[in-house]
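Here is what each chain is made of, one letter per residue.
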Amino acid sequence: MNEIKRYDRIWRGLHWGMALAIVVLLVLIEVKGDLPKGPLKGLLTDIHKQLGILVFGLVWWRLVWRLRHRAPPVTPTPSRWMVGLSHGAHGLLYLAMIGIPALGVLFQQARGNAVVFLGWTLPWILNDDTGISYAKPLKELHETLGNALIWLIVLHGVAAFYHHWIRRDDTLLRMVGKPSVAPADFVVEQR
Ligand code: HEM
Ligand code: HEM
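K.L.:
Looking at this structure, I do not really get the site of ligand 1. What am I missing?
P.N.:
Near ligand 1 there are 24 residues, and of these Lys49, Gly52, Pro101, Gly104 and Gly146 occur at the shortest range. Within the residue set of the shell around ligand 1, elements represented by two or more residues are helix H1 (9-34), helix H2 (39-68), helix H3 (80-110) and helix H4 (135-167).

K.L.:
Looking at this structure, how should I read the nonpolar core?
P.N.:
As a rule of thumb, nonpolar side chains are buried together in soluble globular proteins. By size, the foremost hydrophobic cluster in this structure holds 6 residues: Ile100, Leu103, Phe107, Ala110, Leu138 and Leu149. When contributions to this core are tallied by element, the ones reaching two or more residues are H3 and H4. At 4 residues, H3 tops the list of elements feeding residues into this core. Ile22, Leu25, Leu51 and Val55 belong to the second largest nonpolar core, which has 5 residues in total.

K.L.:
Quick question: what am I supposed to make of H2 here?
P.N.:
The first and last C-alpha atoms of H2 sit 44 Å apart over 30 residues, in line with the 44 Å expected at 1.5 Å per residue. Considering bend angle alone, the principal kink of H2 is centred on Leu58 and spans about 25°. Packed against the buried residues of H2 are H1, H3 and strand E1 (116-117).

K.L.:
How should the environment of Leu141 be read in this particular structure?
P.N.:
If you trace the backbone, Leu141 turns up in helix H4. Distance from Leu141 to Leu103, taken between C-alpha atoms, is 7.5 Å for residues 38 residues apart in sequence.

Parameters and conventions
- Residues numbered from 1 in each chain as written.
- Chains lettered and ligands numbered in written order.
- Predicted model: local features only at pLDDT ≥ 70, side-chain atom pairs only at ≥ 80, totals over all residues.
- Near = placed C-beta within 6 Å.
- Helix = DSSP H or I, 4+ residues; strand = E, 2+ residues; numbered from the N terminus.
- Core = buried A, V, L, I, M, F, W, Y, C linked by C-beta atoms within 7 Å.
- Buried ≥ 20, exposed ≤ 12 C-beta atoms within 10 Å, placed from the backbone.
- Expected span 1.5 Å × (residues − 1).
- Bend = angle between axes of the 7 residues up to and from the residue.
- Contact = placed C-beta atoms within 7 Å.

See below:
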């Protein structure tokens, strides 16, 4: 019987929940760019910001989880370069989940806009009182890195399906729950 050692529930929940939040916030801000001026534009930007701050909050929990637990092994074992590449890509995804929302908050504050998350005003780190306008370069960096993240996510998703369909290892299955109807050789959850 094949034994699939999965990421635990919390890890899977954080992965897919945050992946959904990030994809939605990216779609909303892209759609917003194509809309005519009006209240809908502001609403989409507000939801983008709320989801972005949520991601920034959750990523610390996920990082602690990752540092305190071992990722389950992949069967059959991939080559060393493949493991190195995936660690590099995961590291970049973590940096993006921390750096991009932080830049979003900073550029808003540099513009003089208070950033409010679910009714709570975030502490001011930057504003334009200094007379130096950081807002424009911070906004450009936020957008450039955000757009680069789209490509990184596409590569990450393609890699997952390459493992599943071409290499036929259990990389992807480790990140999903048990199917409701389990084939006979597909049933063991480790945690
Ligand atoms: C994971 C988190 C985030 C990602 C991946 C992300 C990504 C992006 C991207 C790609 C754009 C540019 C879209 C385009 O090319 O038109 C953008 C725009 C924007 N982001 Fe974010 N963002 C995140 C979080 C935040 C946060 C936390 C804030 C503020 C609190 C924020 C505020 C904004 C605003 C206001 C814009 C629109 C700028 C404009 O058109 O004037 N973002 N974001
Ligand atoms: C597009 C859909 C996605 C698919 C199909 C997918 C699939 C996977 C799979 C199969 C793994 C396990 C890889 C391994 O153990 O080597 C994984 C891990 C990971 N994924 Fe995704 N993913 C997706 C979206 C995302 C998004 C949007 C992000 C964040 C921006 C993300 C961040 C990560 C990270 C950081 C890991 C490493 C494990 C961890 O620490 O959570 N993924 N993903």
